[in-house]
Amino acid sequence: MTTAATGESAVVTLSTFADAKDAYRSRDLRQSLYDEGEVVMADVLVNLHGTEHRDRRRVENRMFRREVFERYERDLFPGVTADTLAPYVAAGRVDLVHLGHELMLNLAALTAGIDRPEGTAAETARLHAHMMRFIEGATLAHATGDKAAKAAEVARALEDWDAEFLAPSIARRREMLDQGVELPRDVLATLLRHADELGLPHHVVRREVAFYLLAGAHTSATAFVRTVDHMLGWFAEHPERADAHTDPLFVQRCVHETVRLNPSSPVGMRRALAPVTLRSGTTIPEGATVVIDLQAVNRDVTLFGPDAAAFDPDRTLPPGVAPFGLSFAAGMHVCIGQDLAAGVVARGDTDPDTHLFGLVTGAVGQLFAAGVRPDPDHPPERDTTTARPYWATYPVLLG
């Protein structure tokens with residue numbers, strides 16, 4: 001733990017697993033990671049606190065149930081993945097960054113409740129462009145360049161996306177409600193079904209659905225690309241395990257290990273609403289900003305071993321420690337889509353026939369079945385437009 005001062009407010013940095021987990025569970029520490037991204041993140045679930053957060057999460061939890069996850073994982077997404085991969089397998093190559101966002105956009109549109117009635121590539125490209133703007137807005141704190149100009153672009157993108165995609169999707173679901181037709185299992189339908197209970201104005205519904213679109217697509221897409229990167233490197237070092245990608249439990253462990261080493265955001269952030277004393281004795285003054293250093297927390301050698309900074313899908317963990325560390329947070333703000341994206345943590349007696357592996361696991365497995373391998377003539381490149389560790393391009397060969 002370190003403490004520094006910025007102006008009149010203290011900044012407390014937590015770097016141990018125990019302190020981080022304690023902080024995530026404190027009701028006096030409010031989410032502040034997206035304070036600079038209010039253009040798209042104001043009033044969305046992940047930014048709410050107290051009773052507001054409890055009431056909305058209680059409603060949205062009705063969408064994020066096991067039976068819904070099973071339908072996506074077993075019935076819907078395998079076909080979506082196969083259809084998305086098909087032209088790239090035929091071409092023999094693809095950029096993983098583009099593929100990841102295309103794949104996960106299809107998933108996120110389904111779960112968020114954004115319809116694409118035209119079903120054309122041009123329509124999907126427009127939705128993808130909007131989503132990329134929303135991602136810029138959510139991660140504005142880490143952006144390079146003119147942040148005010150970026151925020152204005154995001155605001156315009158929200159308006160345009162609303163007119164083309166959100167408003168018609170709302171109209172279709174309201175018509176279904178009026179006609180007594182069963183609504184799809186998605187976030188937008190859930191919000192409309194409970195509109196009287198929540199009382200959300202349209203601009204909040206707009207940002208909430210945009211958040212689910214960007215979160216579902218972007219975080220899963222980055223996990224997808226990073227997992228493939230780690231697995232390609234690991235198989236190069238372990239050629240005797242070259243067929244391990246056919247075991248979905250192994251692939252899921254690779255996803256979890258990747259998410260541990262590469263959390264969607266390298267830090268969590270909270271603001272203290274009152275003085276807080278963690279169980280370790282660490283004190284946090286009222287008004288302080290709490291930075292949870294997930295890179296350090298998830299590489300704690302006392303929990304993950306002396307090689308905690310290395311990728312090891314066969315890692316043995318102590319009881320009570322998740323294989324993905326605290327990348328999905330903990331407490332009231334634990335990621336609502338965690339099981340949908342990464343599945344349920346397997347145990348020694350897990351039955352693969354009934355297990356939830358997560359949609360990222362399924363997509364990675366299908367990609368390796370398609371013969372993914374590095375493109376020796378086109379190495380991957382990092383994204384220089386953000387301080388976050390993203391890939392800008394990652395060409396691979398298929399087949």
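The following paragraphs examine the structure supplied in this document. Along each chain, residues carry numbers from 1 onward, in the same order as the chain's sequence is written. Where totals are concerned, whole chains, interfaces and linings use all residues; where local detail is concerned, this predicted model gives features only for residues with pLDDT of at least 70, and gives and counts side-chain atom pairs only at 80 or more. Based on all heavy atoms of the structure, the side-chain values leave hydrogens and waters out of the count.

Focus: the overall build of the protein
Under the DSSP-based scheme used, a helix requires at least four consecutive residues in state H or I and a strand at least two consecutive residues in state E, with every element numbered from the N terminus. Within the protein, the secondary structure is distributed over 15 helices and twelve strands. Its C-alpha atoms give the protein a radius of gyration of 21 Å, within 12% of the compact-globule value 21 Å for 399 residues. Referenced to the eigenvectors of the C-alpha coordinate spread, the extents of the protein come out at roughly 60 × 60 × 45 Å. For the exposure calls, accessible area comes from a 1.4 Å probe over protein chains only, and a residue counts as buried if that area is under 20% of its type's maximum, exposed if over 50%, partly exposed in between. For the protein, the proportion of its 399 residues judged to be buried stands at 51%. Contacts are assigned to residue pairs that have any heavy atoms within 4.5 Å of one another. A separation threshold of at least 6 residues defines the contact pool for the protein, and within that pool the share at least 24 residues apart is 70%. Put simply, the protein shows about 17500 Å² of open surface, and 53% of that area lies on carbon and sulfur atoms. The charge count includes Lys and Arg as positive and Asp and Glu as negative, but it does not include His or the ends of the chains. One atom stands in for each charge, and that atom is NZ of Lys, CZ of Arg, CG of Asp or CD of Glu. Each charge sign in the protein was given a centre, from 40 positive and 55 negative side chains, and these centres are 3 Å apart. The size measure is the radius of gyration over C-alpha atoms, and the globule rule it meets is 2.2 Å times the number of residues to the 0.38 power. Where accessible areas are quoted, they stem from the Shrake-Rupley method and a 1.4 Å probe; at the residue level, only the protein chains shown are allowed to cover.

Regarding the nonpolar core
Counting 93 residues, the largest nonpolar core has Trp161, Leu213 and Phe224 as its most contacted members. Looking at which element gives the most residues to this core, the answer is helix α10 (residues 202–237), with 18 residues. Dropping the residues within four chain positions of it, Trp161 is found in contact with Ile114, Leu127, His130, Phe134, Leu166, Arg206, Val209, Ala210 and Leu213. Remark: nonpolar core denotes a set of buried residues (Ala, Val, Leu, Ile, Met, Phe, Trp, Tyr, Cys) joined through side-chain atoms within 4.5 Å. Counting residues in hydrophobic clusters, the runner-up holds 23 residues, among them Phe17, Val297, Phe304 and Ala308.

Some remarks on the layout of surface pockets
If you add up the space inside the largest pocket, you get close to 450 Å³. Points on a 1 Å grid, built from protein atoms alone, make a cavity when a 1.4 Å probe fits but cannot get out and make a pocket when they are open with protein on both sides within 12 Å along at least 5 of 7 lines; residues with an atom within 4 Å of a point are the lining residues. Lining of the largest pocket is provided by 21 residues; of these, Met132, Ile135, Asp383, Thr385 and Tyr390 occupy positions nearest its centre. Secondary-structure elements contributing two or more residues to the lining of the largest pocket are α5 (96–112), α6 (121–138) and α10. Among the elements that line the lining of the largest pocket, the one with the most residues is α10, at five residues. Taken together, the residues that form the lining of the largest pocket break down as nine nonpolar, eight polar and four charged. Grid points are joined across faces, edges and corners, and a volume is the space filled by probe spheres set on the points. Its volume calculated, the second largest pocket comes out at about 320 Å³. Lining the second largest pocket we find 15 residues, and of these Arg253, Arg315, Leu317, Pro323 and Val345 sit closest to its centre. Gly counts as polar in this scheme, as do all residues outside two lists: the nonpolar Ala, Val, Leu, Ile, Met, Phe, Trp, Tyr, Cys and Pro, and the charged Asp, Glu, Lys and Arg.

Here's the deal with the side chain of Asp19
Within the secondary structure, Asp19 sits in helix α1 (residues 17–24). N or O atoms within 3.5 Å of each other form a polar contact, as long as, within protein, one can give a hydrogen and the other can take it, and as long as residues adjacent in sequence are counted only when both atoms are side-chain atoms. Within the structure, Asp19 has its side chain in polar contact with the side chain of Ser280 (distance 2.6 Å).

Comments concerning the packing of α6 against helix α7 (residues 147–179)
Contact geometry of α6 with α7 gives a least axis separation of 9 Å together with a crossing angle of 145 degrees. The way α6 lies across α7 gives a crossing that is left-handed. Facing α6, whose interface residues are Glu123, Arg126, Leu127, His130, Arg133, Phe134, Glu136 and Gly137, α7 presents Lys150, Glu153, Val154, Ala157, Leu158, Asp160, Trp161, Glu164 and Phe165. When grouped by side-chain class, the residues that make up the contact of α6 with α7 number seven nonpolar, two polar and eight charged. A fitted line through C-alpha atoms represents every axis, and for helices the fit uses only the stretch in contact; the resulting angles, taken between N-to-C directions, go from 0 to 180 degrees. By the definition used in this description, the sense in which the near helix is turned from the far one sets the handedness, with an anticlockwise turn below a right angle giving left-handed and a clockwise turn giving right-handed.

Here we look at the side chain of Ser265
For Ser265, the position within the fold is in the loop between α11 (248–261) and β5 (267–272). Overall, Ser265 belongs to the buried group, its relative accessible area being 9%. Not counting residues up to four positions away in its chain, the partners in contact with Ser265 are Leu33, Leu294 and Arg388.

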